[in-house]
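# Summary of structural features
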Amino acid sequence: MNFKNSVVLLTGASSGIGYQLAKDLSLEGARLALISRRTEILESLVNQIGGQSEIKYYKCDVTVKDEVHNTIELIIKDFGNIDIAILNSGVSYRSSVLNYNSSEAETTFNTNVFGQIYFIEELIPDFIKNKKGYIVGISSLADGKGFPKSGFYAASKAAVTIILESLRIELKKYNVKVITVKPGFVRTAMTDKNEFEMPFLMDVEKGSKIIIKGLKKDKRIIEFPWQTTIGAKILRMIPTKLFEALASKELKPRTK
Ligand SMILES: NC(=O)c1ccc[n+]([C@@H]2O[C@H](COP(=O)([O-])OP(=O)(O)OC[C@H]3O[C@@H](n4cnc5c(N)ncnc54)[C@H](OP(=O)(O)O)[C@@H]3O)[C@@H](O)[C@H]2O)c1
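These remarks concern the structure in this document. Here the structure is a predicted model, which is why all the values come from computation and not from measurement.

### Remarks on the overall build of the protein
- Scanning the protein from terminus to terminus reveals 9 helices and 7 strands.
- The C-alpha radius of gyration computed for the protein amounts to 18 Å, which stays within 12% of the reference 18 Å derived for 256 residues, consistent with globular compactness.
- Here the protein holds 256 residues, and the buried ones make up 48% of them.
- Sequence separation of at least 24 residues holds for 68% of the intrachain contacts in the protein that already meet a minimum separation of 6.
- Carbon and sulfur atoms provide 54% of the accessible area of the protein, an area that totals close to 13,300 Å².
- Put simply, the protein has 37 plus and 28 minus side-chain charges, and the middle of one group is 7 Å from the middle of the other.

In structure tokens, the structure reads:
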């Protein structure tokens, strides 16, 4: 992947990983279409980094299909085309079974899963026609197991990982590349609210650098940090009984 002068659509650019990616990609010379609902943040980000390359921002709720359609039309009008889509918008809730709540499930799936599918649906026809394009979906290392209090989130990321894997195979013959990003814990607004100790919590600046390095190499899967990657793989392999015993332990409170 080459960012110089490429048009990069980036969702979830108002916070955390997306915010840092926007800053770093502007330094790479990408032409950026930044998307989120909080445009006041995007506006000040564009003012901050706009000198480096061509950057525009768009207000869009990724859970609303029509808004996604209109946003893509606007971006194509402004930039002429889209080369790379980084689908990063996401939400996470931790809730106990005592507050079992379908509206959290709906928001989680609508944002994390449909918030990617709506963009992919819009982008695929031109990508296939032009025989080029990149779809980068942000999943998570939490995509492999049913962690307590995070079932909806883990399931939404499992869905994302599987959908992207299937797309990667199908789109290969059209020269459209699909990349899955699976971070462990990264210090952002999403993890700031966690009250438990997060192993190998990584600063967002480092996370963004790893993602960009992996994208430049066209890696199929970008997973980090390595310690959590290995831990996640082990958890997938151990017997269910052992996983349940480990996962039911109280998490260590966070010391900050
Ligand atoms: N931080 C981690 O440890 C971690 C680990 C693994 C995976 N991830 C994944 O990485 C991605 C980014 O997470 P983060 O940690 O950077 O979270 P964050 O700081 O909370 O940022 C989330 C971003 O998603 C956007 N967003 C949420 N709902 C949206 C909606 N309906 N429409 C448009 N945009 C929406 C937010 O923008 P607005 O609110 O302005 O719309 C914000 O820019 C997520 O997919 C997350 O699941 C994070």
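### What about the pattern of salt bridges?
- For the structure shown, the criterion picks out 10 salt bridges.
- Between Glu121 and Lys65 there is a salt bridge whose closest N-O contact spans 3.7 Å. Remark: Lys65 occurs in helix α3 (residues 65-79) and Glu121 occurs in helix α4 (residues 102-130); sequence separation between them is 56 residues.
- According to the relative accessible area criterion, Lys65 is partly exposed, its value standing at 43%.
- Each of Asp143, Lys182 and Arg236 takes part in salt bridges that share partners, so that together they form one network.

### Some remarks on helix α5 (residues 151-171)
- The end-to-end C-alpha distance of α5 is 30 Å, a good match for the 30 Å that 21 residues give at a rise of 1.5 Å each.
- Residues Phe152, Tyr153, Ala154, Ser156, Lys157, Val160, Thr161, Leu164, Leu167, Arg168 and Leu171 constitute the buried set of α5.
- In this structure, the buried residues of α5 make contact with α4, β5 (134-138), β6 (177-183), α6 (189-192) and β7 (221-224).

### Observations regarding unusual backbone geometry
- A cis amide bond links Phe224 with the next residue in sequence, Pro225, at an omega value of -10°.
- Even without a glycine there, the phi angle at Lys149 is positive, about 70°.
- Position of Lys149 among the secondary structure elements: in the loop between β5 and α5.
- Judged by relative accessible area, Lys149 falls into the partly exposed class, the value being 46%.
- At Phe200, a residue that is not glycine, the phi angle is positive and equals roughly 55°.
- Within the fold, Phe200 resides in the loop between α6 and α7 (204-216).
- For Phe200, a relative accessible area of 46% gives the class partly exposed.

### A word on empty space enclosed by the protein
- All chains considered together, the criterion is met by 1 cavity of 30 Å³ or more.
- If you add up the space inside the largest cavity, you get close to 30 Å³.
- Elements with a minimum of two residues in the lining of the largest cavity: α4 and α5.
- Top element by residues in the lining of the largest cavity is α4. It accounts for 4 residues.

### Observations regarding helix α8 (residues 226-237)
- Given a rise of 1.5 Å per residue, 12 residues ought to cover 16 Å, and the 17 Å separating the end C-alpha atoms of α8 matches this to within 8%.
- Those residues of α8 not exposed but buried are Thr228, Thr229 and Ala232. In an axial view of α8, the angular spread of the buried residues amounts to 105°, which keeps them on one side of the axis. Of the exposed residues in α8, the ones pointing more than 90 degrees away from its buried face are Trp226 and Met237.
- Considering only its buried residues, α8 is in contact with β7.

### Looking at the sheet that holds strand β3 (residues 55-59)
- Within the open sheet, the 7 strands sit side by side as β3-β2-β1-β4-β5-β6-β7. Their pairing is parallel. Of all the strands in the sheet, just β3 and β7 have a single pairing partner and so form its edges. Strand-to-strand twist of the sheet, defined as the mean angle between neighbouring strand axes without regard to direction, takes the value 15°.
- As paired elements, strand β4 (residues 84-87) and β5 share 4 bridges and run parallel to each other. Across the sheet, Ile86 pairs through a bridge with Val136, a residue of β5.
- Strands β1 (7-11), β2 (31-36) and β3 of the sheet are contacted by α3, whose axis makes an angle of about 160° with β3.
- Each of β5, β6 and β7 touches α5; the most contacted strand, β6, lies at about 155° to it.

Thresholds, definitions, all that
Residues numbered from 1 in each chain as written. Predicted model: local features only at pLDDT ≥ 70, side-chain atom pairs only at ≥ 80, totals over all residues. Heavy atoms only, no water. Helix = DSSP H or I, 4+ residues; strand = E, 2+ residues; numbered from the N terminus. Rg over C-alpha atoms; globule rule 2.2 N^0.38 Å. Buried < 20%, exposed > 50% of the residue type's maximum accessible area, 1.4 Å probe, protein only. Contact = heavy atoms within 4.5 Å. Areas by Shrake-Rupley, 256 points an atom, 1.4 Å probe, with all protein chains shown as cover. Lys, Arg positive; Asp, Glu negative; His and termini not counted. Charge placed at Lys NZ, Arg CZ, Asp CG, Glu CD. Salt bridge = Lys/Arg side-chain N within 4 Å of Asp/Glu carboxyl O. Expected span 1.5 Å × (residues − 1). 1 Å grid on protein atoms, 1.4 Å probe; cavity = no way out; pocket = protein on both sides within 12 Å on 5 of 7 lines; lining within 4 Å. Points joined across faces, edges and corners; volume = space filled by probe spheres on them. Arc of directions from axis to C-beta. Pairing = 2+ DSSP bridges. Axes fitted to C-alpha atoms, helices over the stretch in contact; angles between N-to-C directions.

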